[in-house]
Amino acid sequence: MVKAGYDVAAIAGQFQTPGRFLGVEPYGNGHINDTFLASFDQDGTPHRFIHQRINHTVFRQPGQVMENISRVTEHQHRRMAAAGVPDSARRALSLVPTRDGKTHFVDAEGNTWRTYHFIEQTRSVDFVESPRIAYEAARAFGEFQSLLTDLPGGRLHETIPDFHHTPKRFQAFQRVLEQDVANRAATARAEIDFVLGHEPVTRVLIDHLEQGLIPERVTHNDTKINNVMLDSTTHQGICVIDLDTVMPGLALYDFGDMVRTSTSPSAEDERDLSKVCLKLDLFEALVQGYLESAGAFLTPAERDLLPFSGKLITLEIGIRFLTDYLAGDVYFKVHRPGHNLDRCRTQFKLVESIEHQESAMQECVRCFSR
Ligand code: ADP
Ligand code: GN1
Ligand code: MG
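A few points on the structure. (Residues numbered from 1 in each chain as written. Chains lettered and ligands numbered in written order. Predicted model: local features only at pLDDT ≥ 70, side-chain atom pairs only at ≥ 80, totals over all residues. Heavy atoms only, no water.)

### Details of the coordination of the magnesium ion (ligand 3)
Four donors placed tetrahedrally around a metal ideally meet at 109.5 degrees, and six donors placed octahedrally ideally meet at 90 or 180 degrees. Protein-derived ligands of the magnesium ion (ligand 3) are Asn227 (OD1) and Asp242 (OD), with the metal-ligand distances lying across 2.2 Å. Of this pair, Asn227 sits in the loop between β7 (217-219) and β8 (228-231) while Asp242 sits in the loop between β9 (237-240) and β10 (247-249), and the two are 15 residues apart along the sequence. Residue Asn227 is classed as buried on the basis of its relative accessible area of 4%. (Donors = N, O, S within 2.8 Å, 3.2 Å for Na, K, Ca; no water. Helix = DSSP H or I, 4+ residues; strand = E, 2+ residues; numbered from the N terminus. Buried < 20%, exposed > 50% of the residue type's maximum accessible area, 1.4 Å probe, protein only.)

Here you go:
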């Protein structure tokens, strides 16, 4: 069967999946990889798997990505087994090996494929529906970071160098603006000025890191709300997914991306900007969930910067969407003309909303730290 140009049925046959192949369909709303859901039947027992093609334009060394992921997921499972965590099979991703025991399969065109067990009875959401969901997502991401504080085996590979180096993202934006290859700068004047006016903000976390004021940790680096699976019945945050960017980083960029994607009750590409704003009750739930699982290892300096981190990463991702719009939509998947510009506008509206509420956010963090 051919889907989206790939013979995913043939790919599925390369992995140690049980029973008879029933079918496969494209799945999920990710901007980067190609994700498919495959169903199998083993003597009347259904089994489902996620097959993914790693975007090798974005991840130049897919083998290193897979090395990181297998180290991280094995460690999560080891830690949970040691602690006797119930239902642990659903609480971390598990790779399905290839028929010859490898973590991934490289097809004749050079595409790298991997397979995960499908996490059953869960769902992912593209924006938060209630403080409970914000709390659960943040608790799950904090738990993920916490489990990785003692990851053995040395530093993980940097799967995308300088991924959250905001000043370098700013410089990349300047280069693309100068070239204006798609001739779009004139259509985004206000957004361009917004970025230029925020240059000083871009340095703050990297300066703190370089001055030794905040530590490097093993972090997820893509903690948007649809990268955590929630239990369909209890709504509990069950499993953190999308581990391609797990690498050395700052806990604050992870918390910041939770703020970006879980404090406004609107989609990332919402065109009605009146719907886009930081809701303090969602922020409060996020802080509570995150500190519950990550509070034990965060330093006072990291705690102080939690509200700021939300502003910074929202600015950073907005800069990346704008950069991609100006470059002609070469990085993020787009589904309509101007999609990246719409996404950028949403981010900048949220940055402004955060700027209006930074002191209330600060007070909220203080409350939970007392
Ligand atoms: P991308 O890097 O493109 O964002 P993801 O790894 O986040 O890809 O997967 C896309 C979507 O597929 C997720 O938002 C989630 O809904 C679903 N998904 C991915 N892996 C699993 C899994 N193991 N079990 C259940 N759903 C999954
Ligand atoms: C991408 O893969 P996905 O859709 O979870 C991107 C993130 C951005 C996000 C914006 C490797 O994440 O950095 O924050 O889109 N991932 C990569 O929605 O660039
Ligand atoms: Mg994803």
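### Considering helix α4 (residues 166-179)
In this model, α4 (14 residues) spans 20 Å end to end at C-alpha, consistent with the 20 Å of a helix rising 1.5 Å per residue. Along α4, the residues classified as buried are Thr166, Pro167, Arg169, Phe170, Phe173, Val176 and Leu177. Where the residues of α4 are buried, they touch α5 (189-197), α6 (199-202), α7 (204-210), α8 (251-262) and α11 (306-327). At the C-terminal side of α4, Asp180 shows a positive phi close to 45°. (Expected span 1.5 Å × (residues − 1). Contact = heavy atoms within 4.5 Å.)

### Describing the sheet that holds β8
In spatial order, the strands read β6-β8-β9; together these three strands make up an open sheet with antiparallel pairing. Whereas interior strands pair on both sides, the edge strands pair on one side only; in this sheet they are β6 (122-123) and β9. As defined by bridge partners, β8 adjoins β9 across three bridges and the pair is classed as antiparallel. Bridged to Met229 within β9 is Cys239. Along the sheet, helix α3 (residues 131-147) contacts β6, β8 and β9; its crossing angle with β9, the most-contacted strand, is approximately 45°. (Pairing = 2+ DSSP bridges. Axes fitted to C-alpha atoms, helices over the stretch in contact; angles between N-to-C directions.)

### Concerning the side chain of Ser309
Take Ser309: it is sitting in helix α11. Among all residues touching Ser309, those that are not within four sequence positions of it are Leu252, Phe255 and Gly256.

### Structural notes on the environment of Leu282
Within the secondary structure layout, Leu282 lies in helix α9 (residues 280-294). Using a relative accessible area of 6% as the deciding quantity, one classes Leu282 as buried. Taking C-alpha positions, Leu282 is 7.7 Å from Ser264, a pair spaced 18 residues apart along the chain. Excluding anything up to four places from it in sequence, Leu282 contacts Val128, Ser130, Pro131, Ala134, Ser262, Thr263, Ser264 and Pro265.

### Let's talk about the site of ligand 1
Around ligand 1, a shell composed of 19 residues is seen, among which Gln52, Ile119, Ser124, Asn227 and Asp242 lie nearest. Note that a nitrogen atom of ligand 1 is positioned 3.1 Å from one of the backbone N or O atoms of His117. Between Asn227 and ligand 1, the recorded distance is 3.0 Å, taken from a side-chain N or O atom to an oxygen atom. When atoms are counted within 2 Å of each cavity's grid points, the one that captures over half of ligand 1 is the largest pocket. Put simply, the parts of the chain that give the shell around ligand 1 at least two residues each are β3 (45-54) and β5 (112-117). When grouped by side-chain class, the residues that make up the shell around ligand 1 number nine nonpolar, nine polar and one charged. (Near = heavy atom within 4 Å. Polar contact = N/O pair within 3.5 Å; in protein donor to acceptor, adjacent residues only side chain to side chain. 1 Å grid on protein atoms, 1.4 Å probe; cavity = no way out; pocket = protein on both sides within 12 Å on 5 of 7 lines; lining within 4 Å. Sits in = over half its atoms within 2 Å of the grid points. Nonpolar A, V, L, I, M, F, W, Y, C, P; charged D, E, K, R; others polar.)

### Some points on the site of ligand 2
Among the 17 residues in the neighbourhood of ligand 2, the closest are listed as His31, Lys224, Glu268, Arg320 and Tyr331. Residue Asn227 places a side-chain N or O atom 3.2 Å away from an oxygen atom belonging to ligand 2. Between ligand 2 and Tyr331, the relevant distance is 2.5 Å, taken from an oxygen atom to a side-chain nitrogen or oxygen of the residue. Notes on ligand 2: free accessible area 450 Å², of which the protein chains cover 97%. With respect to the pocket detection grid, ligand 2 is positioned in the largest pocket. With three residues, the top contributor of residues to the shell around ligand 2 is α11. For the shell around ligand 2, the per-class residue count stands at eight nonpolar, three polar and six charged. Composition of the shell around ligand 2 by domain shows at least three residues from each of domain 1 (8-120) and domain 2 (131-369). (Areas by Shrake-Rupley, 256 points an atom, 1.4 Å probe, with all protein chains shown as cover. Domains from an automatic or database assignment.)

### Considering the pattern of salt bridges
Tallied over the entire structure, the rule returns 27 salt bridges. A salt bridge links Asp100 to Lys102, with the shortest nitrogen-to-oxygen separation between them at 3.6 Å. Classification of Asp100 as exposed rests on a relative accessible area of 57%. Where Arg132 meets Glu136, a salt bridge forms, and the shortest distance between an N and an O atom there is 2.9 Å. Placement of both Arg132 and Glu136 in helix α3 is noted, with a separation of four residues, approximately one turn of the helix. Using a relative accessible area of 4% as the deciding quantity, one classes Glu136 as buried. Bridged by salt links that share partners, the residues Asp269, Arg271, Arg336 and Asp342 form one connected network. (Salt bridge = Lys/Arg side-chain N within 4 Å of Asp/Glu carboxyl O.)

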